[in-house]
Amino acid sequence: MDIEELGEFGLIEQIKESFKCRDHLLAIGIGDDTAALNVPGDKATLITTDLLLEGVHFDLELNSAYYLGKKSLSVNLSDIAAMGGTPRYFLLSLGIPRRYPVESLREFFRGLKELSLNYRVKLIGGDTSASTGKLMISVTVLGEAPRGQVVRRTGAEVGDQIFVTGTLGDSLLGLYILRNGINPTRSLRKLPRVVRKHLDPQPRIKEGKLIAGKGLATAMIDLSDGLLADLGHLTRDVGLGAKLWREKLPLSNYYRRNILSFEQDKWKLALTGGEDYELLFTVSRAKVKQLRHLSSRFDCRLTRIGEVVEGSEDITVVDKNDKPCKINYLTGYDHFRARFAS
Ligand code: ADP
Ligand code: MG
């Protein structure tokens, strides 16, 4: 069988099965936004890693080394945010083509340093090698959270309300605009907001910690693969369904004004666009008021977009009259199928 047939998630499932283990320190293994170790004391250590490959995750022509440096760390911080944790340390492994310009490397490290200072994460190690092909970046982040506060992907219950931070679909719209020929080396302030969102996503560490600290979320994930795909991990994966209120999906003003130049269906990117790195989480009805109150301390908006329903394992998107909408596009990115998987 080809890996194409197995797919990214099939492969991860097989790895998970054959390396299944029990360990007295291991609280969360393969399958969530981070792993968690219950080291002696009252904290869990959170560990996550992401691989960024030239030609797969980024194009050097469409990105600047500076933003690449920032993003290679921020996407990992987003996974720590999704557990409600605080990032502390990171490791950096690089595979660098022999002809890669030193100036670009400097810019890469300038971006990386800036982000690491902003979030107070310290570089503690890594590995460096020449690459015969493309640029390869792997970042591993260690974080921590009080043991009782770690928020997992599993835990949603029927009736829970679904919330999302920030706005949806901007990152992919930003990439479309970059592909249309906007120069990413222009100063950040001059780039359209959605392009900024694509190049320089803001991991929602502060919001994740506030939500987890008050014990408000029953389940949480960060949006890397698109709303429908990632919501599936909170509901379908635990045998539940979800209802999404289409008209409530938070869209940025820029998105509203420009989306129809790129897509016939105004909602498509909000439902399926990847790399928004917002937090998606479920909250019991009884705690919604408390969450609303807490959200006055967020740096971004917070929107209720739907609810968890009985175990149909399906996600239904409804319009303002509560009528199901036809969704005839596929919903998540699979690396080996190299297309959107249903
Ligand atoms: P995310 O989008 O949050 O980075 P992924 O979909 O990449 O999450 O991964 C889902 C889960 O599978 C995570 O727990 C991750 O650690 C695990 N995983 C992914 N690839 C591998 C691998 N090659 N070996 C072991 N575990 C893996
Ligand atoms: Mg994640």
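For every chain, the first residue of the written sequence is number 1, and numbering continues from 1 along that sequence. Chains carry letters and ligands carry numbers; both start at the beginning, A for chains and 1 for ligands, and go up in the order they are written. With the structure being a predicted model, the display of local features is reserved for residues of pLDDT at least 70 and the display and counting of side-chain atom pairs for 80 or more, all residues being used for whole-chain, interface and lining totals. Hydrogen atoms and water are omitted, and side-chain values are computed over all heavy atoms in the structure.

Undergrad: Outline the coordination of the magnesium ion (ligand 2), supporting the account with residue identities and numerical values.
TA: The rule for donors is simple: N, O or S, within 2.8 Å of the metal, or within 3.2 Å if the metal is Na, K or Ca. Water isn't counted, so a site may look like it is missing partners. Here the magnesium ion (ligand 2) is held by Asp 33 (OD), Asp 79 (OD) and Asp 222 (OD), and the distances to it run 1.9 to 2.2 Å. Along the chain, the residues that donate to the magnesium ion (ligand 2) are spaced as D-x45-D-x142-D. Linking Asp 33 in the loop between strand 1 (26–28) and strand 2 (35–37) with Asp 79 in helix 2 (residues 65–82), this pair joins segments that are 46 residues apart in sequence. As far as burial versus exposure is concerned, Asp 33 and Asp 79 are alike and both buried. A helix here means a DSSP run of H or I that spans at least four residues, while a strand means a run of E at least two residues long, and both kinds are numbered starting from the N terminus. The classification of residues rests on relative accessible area computed with a 1.4 Å probe and restricted to protein chains. Under 20% of the type maximum is buried, over 50% is exposed, and intermediate values are partly exposed.

Undergrad: So what's going on with a positive patch on the surface? Which residues, and what values?
TA: Taken together, the side chains of Arg 256, Lys 266, Arg 301 and Lys 320 present a region of like positive charge at the surface. One can find Lys 266 in the loop between helix 8 (253–258) and helix 9 (268–272). Residues enter a patch when their relative accessible area is above 30% and they make no salt bridge; the linking distance is 9 Å between like charges and 5 Å between nonpolar side chains (Val, Leu, Ile, Met, Phe, Trp, Tyr). Each accessible area value is a Shrake-Rupley result obtained with a 1.4 Å probe; residue values ignore everything except the protein chains displayed when judging cover. One side-chain nitrogen of Lys or Arg within 4 Å of one carboxyl oxygen of Asp or Glu is enough to make a salt bridge. The sign given to each residue is positive for Lys and Arg and negative for Asp and Glu; His and the chain ends receive no count. We put the charge of a Lys on NZ, of an Arg on CZ, of an Asp on CG and of a Glu on CD.

Undergrad: Requested: an account of the packing of aromatic side chains, with residues and values cited.
TA: Planes of paired rings set the category: under 30 degrees apart is stacked, over 60 is edge-to-face and the rest tilted, where pairs are Phe, Tyr or Trp rings (Trp by its six-membered ring) whose centres lie within 6.5 Å. Counted by the stated rule, this structure contains 4 aromatic pairs. Ring geometry for Phe 108 versus Phe 109: centroids 5.3 Å apart, planes at 90°, classification edge-to-face. Using a relative accessible area of 2% as the deciding quantity, one classes Phe 108 as buried. Note on Phe 109: relative accessible area 33%, which makes it partly exposed. Considering the side-chain rings of Phe 163 and Phe 281, the 6.0 Å spacing of their centres and the 20° angle between planes classify their relative orientation as stacked.

Undergrad: So what's going on with the domain arrangement of the chain? Which residues, and what values?
TA: These domain boundaries are the output of an automatic or database domain assignment. On domain assignment, one finds that the chain holds domain 1 (3–149) and domain 2 (161–318). Placing a centre on the C-alpha atoms of domain 1 and another on those of domain 2 gives a separation of 21 Å. Contact between two residues is taken to exist if any of their heavy atoms lie within 4.5 Å; hydrogens are not considered. The interface is formed by 23 residues belonging to domain 1 together with 27 residues belonging to domain 2. Accessible area that two parts lose when put together, evaluated with a 1.4 Å probe and summed over both, is termed the buried area. Together domain 1 and domain 2 conceal approximately 2100 Å² of surface at their shared face, both sides included; 57% is due to carbon and sulfur atoms.

Undergrad: Quick one: what's the story with the sheet that holds strand 2, residue by residue and with numbers?
TA: Strand order in the open sheet made by the 6 strands is 1-2-3-6-4-5, with mixed pairing throughout. The open sheet terminates on both sides in strands that have one partner only, identified here as strand 1 and strand 5 (122–131). For this sheet the average axis-to-axis angle between neighbouring strands, irrespective of direction, equals 20°. Of the strand pairs in this sheet, strand 2 and strand 3 (residues 43–53) are connected by 3 bridges, and their pairing is antiparallel. Considered in strand 3, the bridge of Ala 35 is made with Ile 47. Paired strands, as defined in this entry, are two strands with at least two bridges between them according to DSSP. Working convention: axes come from line fits to C-alpha atoms, limited for helices to the stretch in contact. Angles between N-to-C directions cover 0 to 180 degrees.

Undergrad: Outline the site of ligand 1, listing residues and values.
TA: In the vicinity of ligand 1, the contacting residues are Phe 9, Ile 12, Ile 15, Ile 30, Gly 31, Asp 32, Asp 33, Asp 50, Asp 79, Arg 153 and Ser 224. Pairs of N or O atoms within 3.5 Å make up the polar contacts considered here, provided that, within protein, one atom can donate a hydrogen while the other can accept it, and that residues adjacent in sequence are counted only when both atoms are side-chain atoms. Take Asp 33: an N or O atom from its side chain is 3.4 Å from an oxygen atom of ligand 1. Arg 153 places a polar side-chain atom, nitrogen or oxygen, 3.1 Å from an oxygen atom of ligand 1. When isolated, ligand 1 has an accessible area of 560 Å², and the protein chains bury 63% of it. A per-element tally of the shell around ligand 1 places helix 1 (residues 3–18) first, with 3 residues. Under this grouping Gly is polar, as are all residues other than the nonpolar Ala, Val, Leu, Ile, Met, Phe, Trp, Tyr, Cys and Pro and the charged Asp, Glu, Lys and Arg. The class makeup of the residues in the shell around ligand 1 is 4 nonpolar, 2 polar and 5 charged. Throughout, near means a residue has at least one heavy atom within 4 Å of the molecule or strand.

Undergrad: Account for the environment of Leu 77, naming residues and giving values.
TA: Inspection of the secondary structure assignment puts Leu 77 in helix 2. Taking relative accessible area as the criterion, Leu 77 reaches 0% and is therefore assigned buried. Measuring from C-alpha to C-alpha, the distance between Leu 77 and Arg 204 comes to 8.2 Å, with 127 residues separating the pair along the chain. Contact partners of Leu 77, with chain neighbours within four places excluded, come to Pro 87, Leu 115, Tyr 119, Val 121, Val 141, Pro 203 and Ile 205.

Undergrad: Report on the pattern of salt bridges, specifying residues and quantitative values.
TA: Overall, the coordinates contain 17 salt bridges when judged by the stated rule. Among the ionic pairs, Asp 33 bridges to Arg 153, the shortest N-O distance being 2.8 Å. Here the residue Asp 33 occupies a position in the loop between strand 1 and strand 2, and Arg 153 occupies one in the loop between strand 6 (136–146) and strand 7 (161–165), the gap between them amounting to 120 residues. Note on accessibility: Asp 33 and Arg 153 belong to one class, buried. Residue Arg 246 pairs with Glu 247 through a salt bridge whose shortest N-O separation is 3.2 Å. Each of Asp 32, Asp 33, Arg 152 and Arg 153 takes part in salt bridges that share partners, so that together they form one network.

Undergrad: Any chance you could break down the pairing of strand 10 (residues 279–283) for me, citing the residues and the numbers?
TA: Most of strand 10 sits out of view: 5 of its 5 residues are buried. Taking every second residue as pointing to the same face, both faces of strand 10 are buried, with Leu 279, Phe 281 and Val 283 on one and Leu 280 and Thr 282 on the other. The pairing of strand 7 with strand 10 spans 4 bridges and is antiparallel. The residue of strand 10 that forms the bridge with Ile 162 is Thr 282.

Undergrad: So what about the sheet that holds strand 10? Which residues, and what values?
TA: Sheet strands pair via backbone hydrogen bonds, and the direction of the pair is either parallel or antiparallel. Taking strand neighbours across the sheet as the criterion, the 6 strands line up as 8-10-7-11-9-12 in an open arrangement whose pairing is mixed. In the strand order of this sheet, the two ends are held by strand 8 (219–222) and strand 12 (315–318), each with one partner. For this sheet, the mean angle separating the axes of adjacent strands, direction not counted, is 25°. Alignment of strand 9 (residues 241–245) against strand 12, held across 4 bridges, turns out to be parallel.

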